[in-house]
Amino acid sequence: MTAKAERVRRIGWYAALVVASLVTVLGVSLLFAAIRNDSAIEAQLGQATAQVESVAFDRTIINYATPDGIIHSPANGVLYPSGLAAGQLVNIEYDVGDPELARVAGRSAANTLLPLGSMIFFTWLIAGPLLWWIRRQRLAYRRSLAESAA
């Protein structure tokens with residue numbers, strides 16, 4: 001084992017730690033963003049029936065009319081769209097002050113707990129043993145250096 005291999009292991013350890021930490025921070029941030037969106041919707045709650053126009057991987061586009069007769073189609077899609085299909089009619093709740101912020105009625109930030117929790121769990125399920133193994137390799141290298149110096 002060389003000093004270069006030790007350096008590569010150290011960089012790998014920090015890289016794995018940083019990536020796992022960033023995924024964790026991202027997941028927690030997404031949860032807080034969902035809670036903030038729900039709070040905004042509940043502060044000025046409006047309800048409507050929307051038609052699902054399209055369902056894609058990154059968003060589900062809907063169209064709905066507010067009581068003033070304006071038809072809205074949120075550019076970012078509807079929040080918590082799982083299980084929706086194109087052409088379906090669905091009850092939604094929206095922020096009266098910002099009709100672009102809409103969610104499927106009856107759903108909330110609690111719907112994000114399982115996917116985000118799973119993402120964080122599996123990230124650390126992979127990163128934890130990897131960090132342990134790299135750390136063990138680094139300690140073995142240091143022991144071998146100490147033994148050869150003695």
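Notes on the structure follow.

What counts and how
- Residues numbered from 1 in each chain as written.
- Predicted model: local features only at pLDDT ≥ 70, side-chain atom pairs only at ≥ 80, totals over all residues.
- Heavy atoms only, no water.
- Phe/Tyr/Trp six-rings, centres within 6.5 Å; stacked < 30°, edge-to-face > 60°.
- Helix = DSSP H or I, 4+ residues; strand = E, 2+ residues; numbered from the N terminus.
- Buried < 20%, exposed > 50% of the residue type's maximum accessible area, 1.4 Å probe, protein only.
- Pairing = 2+ DSSP bridges.
- Contact = heavy atoms within 4.5 Å.
- Axes fitted to C-alpha atoms, helices over the stretch in contact; angles between N-to-C directions.
- Patch = residues over 30% accessible without salt bridge, like charges linked within 9 Å, V, L, I, M, F, W, Y side chains within 5 Å.
- Areas by Shrake-Rupley, 256 points an atom, 1.4 Å probe, with all protein chains shown as cover.
- Salt bridge = Lys/Arg side-chain N within 4 Å of Asp/Glu carboxyl O.
- Lys, Arg positive; Asp, Glu negative; His and termini not counted.
- Charge placed at Lys NZ, Arg CZ, Asp CG, Glu CD.

### Describing the packing of aromatic side chains
If you walk through the whole model with that rule in mind, you get three aromatic pairs. Arranged with centres 5.1 Å apart and planes meeting at 40°, the rings of Tyr64 and Tyr94 form a pair that is tilted. Within this pair, whereas Tyr64 is found in strand β2 (residues 60–65), its partner Tyr94 is found in strand β4 (residues 89–95), the two being separated by 30 residues in sequence. For Tyr64, a relative accessible area of 2% gives the class buried. Ring plane angle 75° and centroid distance 5.2 Å describe the contact between Phe121 and Phe122, whose orientation is recorded as edge-to-face. Classification of Phe122 as partly exposed rests on a relative accessible area of 47%.

### Quick notes on the sheet that holds strand β3 (residues 71–72)
Read across the sheet, five strands follow the order β3-β2-β1-β4-β5 without closing on themselves; strand pairing throughout is antiparallel. Edge positions in the sheet fall to β3 and β5 (98–104), since each has one partner strand and no second. Direction of pairing for β2 relative to β3: antiparallel, over a ladder of two bridges. Across the sheet, Tyr64 pairs through a bridge with His72, a residue of β3. The sheet contacts of helix α1 (residues 3–43) involve β1 (45–55), β4 and β5, and relative to β5 the element is tilted by about 110°.

### Remarks on a positive patch on the surface
Judged by side-chain charge, Lys4, Arg7, Arg10, Arg135 and Arg142 come together as a positively charged surface patch. Only α1 and α2 (113–149) provide two or more residues apiece to the positive patch. In terms of residues, the positive patch owes the most to one element, α1, which gives three residues. Here Arg10 lies in helix α1.

### Looking at the pairing of β1
Across seven bridges, the pairing between β1 and β4 is antiparallel. In the strand pairing of β4, Gly46 is matched with Tyr94. As judged from the five bridges shared by β1 and β2, these two strands associate in the antiparallel manner. Note on β2: the bridge partner recorded for Ala50 is Tyr64. The antiparallel pairing of β1 with β2 creates a hairpin that spans four residues between the two strands.

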